[in-house]
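Letter by letter, the chains look like this.
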Amino acid sequence: MKIFEIQGGVCAPKGFKANGIHCGIRKNKFKRDLALIVSDVRAAAAGVYTSNLVKGAPVVVTKNNLTDGFAQAIICNSGNANTCNADGLEIAETMCSLVESAGGIARRDVIVASTGVIGQKLDIAPIDSHMDELWNGLGDNSDFAAEAIMTTDTVKKTVAVEFECGGKVCRIGAIAKGVGMVCPNMATNLIFLTSDVAITPEMLQKALSEDVKTSFNMVSVDGDQSTNDTCCIMANGLAGNELIASKGAAFTAFCKALNYCTVKLSRMLAKDGEGATKLIECRVYGADRKCTAKAVARSVIKSSLVKAAMFGADANWGRVLCAVGYAGVKVNVNAIDVSFASSKGELPVCKDGFGIEFSEELAKEILSQDEVIININLNSGSSKATAWGCDLTYDYVKINGDYRT
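Cut-off values and rules
Residues numbered from 1 in each chain as written. Predicted model: local features only at pLDDT ≥ 70, side-chain atom pairs only at ≥ 80, totals over all residues. Heavy atoms only, no water. Helix = DSSP H or I, 4+ residues; strand = E, 2+ residues; numbered from the N terminus. Contact = heavy atoms within 4.5 Å. Pairing = 2+ DSSP bridges. Axes fitted to C-alpha atoms, helices over the stretch in contact; angles between N-to-C directions. Parallel < 35°, antiparallel > 145°, perpendicular 65-115°, else oblique. Left-handed = near helix turned anticlockwise from the far one by under 90°. Nonpolar A, V, L, I, M, F, W, Y, C, P; charged D, E, K, R; others polar. Phe/Tyr/Trp six-rings, centres within 6.5 Å; stacked < 30°, edge-to-face > 60°. Buried < 20%, exposed > 50% of the residue type's maximum accessible area, 1.4 Å probe, protein only. Lys NZ or Arg CZ within 6 Å of the ring centre and 35° of its normal. Disulfide = S-S within 2.5 Å. Core = buried A, V, L, I, M, F, W, Y, C linked by side-chain atoms within 4.5 Å. Expected span 1.5 Å × (residues − 1).

Novice: Before we move on, could you go through the environment of F340 and cite the residues and values that matter?
Specialist: As for its placement among the helices and strands, F340 is situated in strand β11 (residues 337-342). For the pair F340 and M268, spaced 72 residues apart in sequence, the C-alpha to C-alpha distance is 21 Å. Excluding anything up to four places from it in sequence, F340 contacts M310, A315, W317, V320, G345, E346, L347, V349, I366, L367, I373 and I374.

Novice: Summarise the sheet that holds strand β12 (residues 345-351); cite the residues concerned and give the values.
Specialist: Taken in spatial order, the 6 strands of this open sheet run β13-β12-β11-β14-β10-β15, and their pairing is mixed. Bordering the open sheet on either side are β13 (354-355) and β15 (383-390), each of which pairs with just one other strand. Two elements, strand β10 (residues 279-287) and β15, share 7 bridges in a ladder whose sense is antiparallel. Looking at β15, one finds that A287 is bridged to S383. Helix α11 (residues 360-367) rests against β11, β12 and β14 (371-377) of the sheet, and its axis sits at about 120° to β12.

Novice: Give me the packing of helix α6 (residues 201-211) against helix α7 (residues 249-271): which residues, what numbers.
Specialist: Close contact between α6 and α7 brings their axes to 10 Å; oriented N to C, the two are set at 45°. Considering the angle they form, α6 stands oblique to α7. Crossing geometry of α6 relative to α7 is assigned as right-handed. Facing α6, whose interface residues are M203, L204, K206, A207, L208 and D211, α7 presents F251, F254, C255, L258, N259 and T262. Within the contact of α6 with α7, the residues separate by chemical class into 8 nonpolar, 2 polar and 2 charged.

Novice: Any details on the packing of aromatic side chains? Residues and values, ideally.
Specialist: The description of an aromatic ring pair rests on the distance of the ring centres and on the angle between the ring planes. One pass over the structure, following the stated rule, counts 1 aromatic pair. When the ring of F311 is compared with that of Y394, the centres are 5.2 Å apart and the planes differ by 90°; the resulting orientation is edge-to-face. One end of the pair, F311, is in helix α9 (residues 304-311); the other, Y394, is in helix α12 (residues 394-401), with 83 residues separating them in the sequence. F311 gets classed as partly exposed once you look at its relative accessible area, which sits at 28%. Positioned above the aromatic ring of F144, the side-chain terminus of R32 is 3.7 Å from the ring centre.

Novice: Could you give an account of the state of the cysteines, naming the residues involved and the relevant values?
Specialist: Applying the stated criterion to the full structure yields 0 disulfides. With no disulfide partner, C291 has as its closest neighbouring cysteine sulfur the one in C282, 16 Å distant. The class for C291 is partly exposed, based on a relative accessible area of 41%.

Novice: I'd like a description of the nonpolar core, backed by residues and values.
Specialist: Judged by nonpolar contacts, the single largest core of 43 residues is most densely connected at V300, M310, F340, I374 and I376. The contacts of M310, once residues within four sequence positions are left out, are K278, I280, F340, L367, V372, I374 and D391. Core analysis: the next-biggest nonpolar cluster, separate from the first, contains 33 residues, A174, A176, I199 and F254 among them.

Novice: Account for α7, naming residues and giving values.
Specialist: In this model, α7 (23 residues) spans 33 Å end to end at C-alpha, consistent with the 33 Å of a helix rising 1.5 Å per residue. Listed in full, the buried residues belonging to α7 are F251, A253, F254, A257, L258, C261, T262, L265, S266, L269 and A270.

Novice: Just give me the short version of unusual backbone geometry, but keep the residues and values in it.
Specialist: Located in the positive-phi region is A313, a residue other than glycine, with phi close to 55°. Relative to the helices and strands, A313 is located in the loop between α9 and α10 (317-325). Assessed through its relative accessible area of 8%, A313 is described here as buried. Look at N379: it is not a glycine, yet its phi comes out positive at around 50°. Looking at the secondary structure, you find N379 in the loop between β14 and β15.

Following this line, the structure appears as structure tokens:
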């Protein structure tokens, strides 16, 4: 199966339009802070969300709206998370109603999301007063929407692919945000995906729920899980393929294309972590079980000491083994091999759980690149897993020391 990257983001699939504007939630008038994505027709929809017990009001409203498995629009603001507010549910529901008033889409068919500071009231007035502008500007504006959902992100995160499914040319597009409070379980920050594939809500939910286990759930920037994590997808069926209602070749093709998009976004999210200077990819091989490989990969990528060593380009492989040891799974510590790799080559640093001689100069060169791989072979089986993170820098503390003010 061939998957081709294309332009267009969430507007690449047939029948989708988007827009993003500055409405006044954020003080900086040059930053867009309100996004809207709309399908021409009602679409099958699915979502995964934060498992944090403290949930943003938009998460609650969106989960309720998607109980029937359909949606037609996504509205999202940045600058305020609408979390831990007494009137939060009312505000989130009003945002859905404003979409209904502006474009005639039933408020129950609206996915709503918010991102930003927790615990500050979200004023609905600027959203209300700019809704017509937002709606009337809908078009091939995926980038505007991608900008509008950014908080401390430094770059837009977007991807789109084209592939064949059921004999028809189909597409998936996506935008994402998230560089801090990223250590998810069932989503990561905000991810919005669109597709023109014809698929039932049940199979769409199955595809997304399985996918996040090896994509977004394998990302960690700082070990903190957001209160507003939401990953939603709408699939409107306008590609004209035969409806995917069960497992088979068409479902497999869709899942592969979906995973291509989510893995690419996972790497983008990790690389743009708050204050980060490099993407860290941890590849675990030779595990006895898949769950073992995943646990080890996530443990290493979450380690503050490993992340700090990567920032300093310090080949302190002992910190890697330490993180393997407290991953909470059984491994044979006397069988572990570790190497560091980048565009400058690969350097073995540990064999059978013990250190081996290596060139510190070469290690420094390898670890100084903007993408670094930590290879771990457990030599105990055939299962593997990959996790993504970033280095821990001085700027991370600086950004979060005065985030609210």
